[in-house]
Amino acid sequence: MLDIQIQAPFPILQGKGAPESEQTLVLLTGPDFDVAHGPFTHLDAATGGALRRAVAISRFKGQRDQSCVLLAPCAALARIVLIGCGPEDELDIPCMEAAGGQAARAVRDTTHADLAFAGRCAEFAAHAAYGAALGRYSFDLYHTDEAENAPQLQRLHLGVDDTETVRVQWESLQAVAKGVFRARDLVSEPPNVLNPPEFARRIETLRDLGVEVEILNAARLRELGFGALLGVAQGSDQEARVAIMRYRGSEDAPIAFIGKGVTFDSGGISIKPAAGMDEMKTDMGGAAAVVGALEAVARRKATTHVIGVVGLVENMLSGNAQRPGDVVRSYAGKTIEVLNTDAEGRLVLADVLAYAKERFQPRLMVDLATLTGAIVVSLGHVRAGLFSNDDALAKALFEAGETTGEAVWRMPMGKAYDRQLRSDIADMKNITGRPGSSITAAQFLARFVGDTPWAHLDIAGVAWRSDAAPQCPKGATGFGVRLLDALVRHHEQGETAAS
């Protein structure tokens, strides 16, 4: 975790004192910066006018995504980095988090740096630090040359006037960042390491944060009647698990988060193509997000009752693997004709959703799953698909996505799609045709939630990045942790207002 230290504004930016030896200084600013006064002019004076010349030559205007780097501008300054944040009246949280991530990338080969703010940027100092911390993440557990592969940036100083306010904000955001890192770590692990029993063991470590954890093993799942989930798991040597996490921030009815945890998805008998199959270790991204969200709310001591339930299975081929044409009986008692064993995530979620609804009677449920390739065709790698039976919940999730940068887009549902699930020999079938297949997958899940307010997030396009972004390096994104935490905060604020 990046070490964030909060202190008063740096003297050099006020025209007082000399810079520290080999100081790296990052200034977040907008196009309204004035070269005639303020921190810019003090820095320019310290560099003998070099900063003003660098800005002119690079045509830096302070617009979003712009940057200007000045190397060794004077004896004591190693570098100055200007990061553009756009006009002050357009500043928002996603903008400043992206700027913080951009700043961390710009100074990633230094051990420490000072982050300063011009104008209104200082209002978002904690969020800039949050973006920097998220952007600096790396998963290097299996690199043998740790010194070569570990990020050099270890410490970031924030220079702000109101240090106490920023410190309180940062402590809350740091808790969420740790939840994001937990999710990213889980998704990044190789499938020979992170099988269902090992995943369950790692979830048990949440007890150290005050989270109650209960693990249901395969024998118990058989007793309870998790026929759909166990059908997916039966081809693997690794036994299925269901992990239940409970954070009692209040005694009210809980918010329930449900996660698909397929630790590796070969497709089963309906085997996937070889190309890209290595990424099927990420098919537990929904479960990872739920675990990360529980860590986040526990670390920041949220005042809401939150339940997390994740179904952990491995979908493999063997002489005992589930066959296309099999019929399984779900926890809810409904029978399902399995026409494609690669449409397994909805079978796992069907049992877990029905179980969570019956046992915990939550006020609302949100499930997350890398469920369909069709959602990637629809929304690309920019937004997750949002499906819901409740307009208020859908609105809250959409707004949370816009605030956190974990964007979602609501997709349609309806009886016309639901009719496509009819089976000739069972209550329903697990696939329909290709048209609208992400929607019919959601319709399948809706049959197991009843009247409970519910949302399904199809995160297949956003759980893994093939390129780097300011707040996320290439690889696992941890998508969903920040979104779910924001939803919990939304309910906390509503409860406070009601009281």
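Since we're looking at a predicted model, the values are computed, not measured. Residue numbering note: each chain is counted from 1, following its sequence as written. Side-chain atom pairs in this predicted model are given and counted only at pLDDT of 80 or more, local residue features only at pLDDT of at least 70, and totals for whole chains, interfaces and linings cover all residues. Side-chain numbers here rest on the full set of heavy atoms in the structure, without hydrogens or water.

Engineer: Mind showing me how you'd approach the overall build of the protein chain here?
Structural biologist: For the protein chain, the helix and strand inventory stands at 16 helices and 19 strands. Taken over C-alpha atoms, the radius of gyration is set against a globule rule of 2.2 Å times the number of residues to the power 0.38. Computed over the C-alpha atoms, the radius of gyration of the protein chain is 25 Å, within 12% of the 23 Å expected from 2.2 N^0.38 for a compact globule of 499 residues. Considered along the principal axes of its C-alpha atoms, the protein chain spans approximately 80 × 55 × 45 Å. For every residue, the accessible area obtained with a 1.4 Å probe (protein chains only) is divided by the maximum for its type, and the residue is called buried under 20%, exposed over 50%, and partly exposed between those limits. Buried residues in the protein chain amount to 56% of all 499 residues. Whether two residues are in contact is decided by their heavy atoms: any pair within 4.5 Å suffices. For the protein chain, the proportion of contacts with a sequence separation of at least 24, taken over those separated by at least 6, is 77%. Entry remark: accessible area of the protein chain is about 20,100 Å², with carbon and sulfur atoms responsible for 48%. Helix numbering and strand numbering both begin at the N terminus, where a helix is a DSSP run of H or I of at least 4 residues and a strand a DSSP run of E of at least 2. Shrake-Rupley sampling with a 1.4 Å probe provides the accessible areas, and residues are treated as covered by the protein chains on show and by no other component.

Engineer: Hey, could you run me through the packing of aromatic side chains in this one?
Structural biologist: Each aromatic ring pair is summarised here by two numbers: the centre-to-centre distance and the angle between the ring planes. Only Phe, Tyr and Trp rings take part, Trp by its six-membered ring, and two of them pair if their centres are within 6.5 Å. Stacked means planes under 30 degrees apart, edge-to-face means over 60, and tilted covers everything else. Under the counting rule described, the total for this entry stands at seven aromatic pairs. Ring geometry for F226 and Y331: centres 5.2 Å apart, planes at 50 degrees, overall tilted. With F226 in the loop between helix 8 (218-224) and helix 9 (227-233) and Y331 in the loop between strand 11 (327-329) and strand 12 (335-337), the pair connects residues that are 105 residues apart, well separated along the chain. Relative accessible area serves as the criterion here: at 0%, F226 is assigned to the buried category. Seen in terms of ring centroids, F398 and W409 are 6.1 Å apart; in terms of plane orientation they differ by 70 degrees. Their pairing is edge-to-face. Remark: W409 occurs in strand 15 (residues 408-410) and F398 occurs in helix 13 (residues 391-404); sequence separation between them is eleven residues. Judged by relative accessible area, F398 falls into the partly exposed class, the value being 31%.

Engineer: Quick question: what am I supposed to make of the sheet that holds strand 16 (residues 428-429) here?
Structural biologist: Within a beta sheet, neighbouring strands are joined by backbone hydrogen bonds and run either parallel or antiparallel to one another. At least two bridges found by DSSP between two strands is the condition for calling them paired. What the three strands build is an open sheet, ordered 11-12-16; its pairing is mixed. Strands with a single pairing partner mark the edges of an open sheet, and in this sheet they are strand 11 and strand 16. As paired elements, strand 12 and strand 16 share two bridges and run parallel to each other. What sits directly across from I336, in strand 16, is M428.

Engineer: Could you clarify how one ought to interpret the pairing of strand 9 (residues 255-265) in this entry?
Structural biologist: Sheet faces and side chains relate simply in a regular strand, where the side chains alternate between the two faces. Counting buried positions along strand 9 yields eleven of eleven residues, so the element is predominantly enclosed. Here strand 9 runs beside strand 13 (residues 364-369); their pairing, made up of five bridges, is parallel. Looking at strand 13, one finds that G259 is bridged to L368. As paired elements, strand 9 and strand 10 (residues 305-315) share nine bridges and run parallel to each other. The residue of strand 10 that forms the bridge with I258 is V309. Regarding the hand of the β-α-β motif, the stretch spanning strand 9, helix 10 (residues 285-299) and strand 10 is right-handed. For crossovers, right-handed means that the path from the first strand over the helix to the second runs clockwise, given strands pointing away from the viewer.

Engineer: What's the story with the pattern of salt bridges in this structure? I'm lost.
Structural biologist: Between side chains of opposite charge, a pair can form when the charged atoms approach closely. Salt bridges are defined by distance alone: a side-chain nitrogen of Lys or Arg within 4 Å of a carboxyl oxygen of Asp or Glu. Counted according to the given criterion, the structure contains 30 salt bridges. R299 is the partner of E295 in a salt bridge, and the nearest nitrogen-oxygen pair spans 2.8 Å. Taken together, the residues span about one helical turn, with E295 and R299 both in helix 10 at a distance of four residues. Judged by its relative accessible area of 4%, E295 is buried. Take R299: its relative accessible area is 34%, and that puts it in the partly exposed class. In this structure, the salt-bridge partner of R489 is D485, at a minimum N-O distance of 2.6 Å. In this pair, R489 and D485 both sit in helix 16 (residues 481-498), four residues apart, roughly one turn of the helix.

Engineer: What is the right way to read the side chain of D326 from this model?
Structural biologist: Inspection of the secondary structure assignment puts D326 in the loop between strand 10 and strand 11. Side-chain atoms alone can form a polar contact between residues adjacent in sequence; in general such a contact is a pair of N or O atoms within 3.5 Å, and within protein one must be able to donate a hydrogen while the other accepts it. At 3.0 Å, the side chain of D326 forms a polar contact with the backbone nitrogen of R323. Discounting chain neighbours no more than four positions away, the residues touching D326 are I336, E337 and V338.

Engineer: Is there a simple way to explain a nonpolar patch on the surface in this structure?
Structural biologist: On the surface, a cluster of nonpolar side chains totalling about 260 Å² of accessible area is made up of I269, I271 and L317. A residue is classified by how much of its surface remains accessible, and L317, at 40% relative accessible area, is partly exposed. Surface patches are defined over residues having more than 30% relative accessible area and no salt bridge, joining like charges when they lie within 9 Å and nonpolar side chains (Val, Leu, Ile, Met, Phe, Trp, Tyr) when within 5 Å.

Engineer: Can you walk me through helix 1 (residues 38-46) in this structure?
Structural biologist: Note: α-helices contain 3.6 residues per turn, so residues at a spacing of three or four share the same orientation. The set of residues buried in helix 1 consists of F40, T41, L43 and D44. In a view along the axis of helix 1, the buried residues occupy a sector of 160 degrees, so they form one face of it. Trailing helix 1 by a residue or two, G48 shows a phi angle of about 65 degrees, which is positive. This arc is taken over the directions from the axis of the helix to the C-beta atoms.

Engineer: Which parts of the structure should I look at to understand the nonpolar core?
Structural biologist: Nonpolar core, defined: a set of buried Ala, Val, Leu, Ile, Met, Phe, Trp, Tyr and Cys residues in which side-chain atoms within 4.5 Å join the residues together. In this structure, L28, F117, I203, M245, F257, L294 and V366 are the most contacted members of the largest nonpolar core, which totals 94 residues. In contact with F117, not counting residues within four places along its chain, are L27, L28, M96, A122, A125, A128, L158, G159 and V160. If you look at the next biggest cluster of nonpolar residues, it comprises 42 residues, including L229, V262, I336 and F444.

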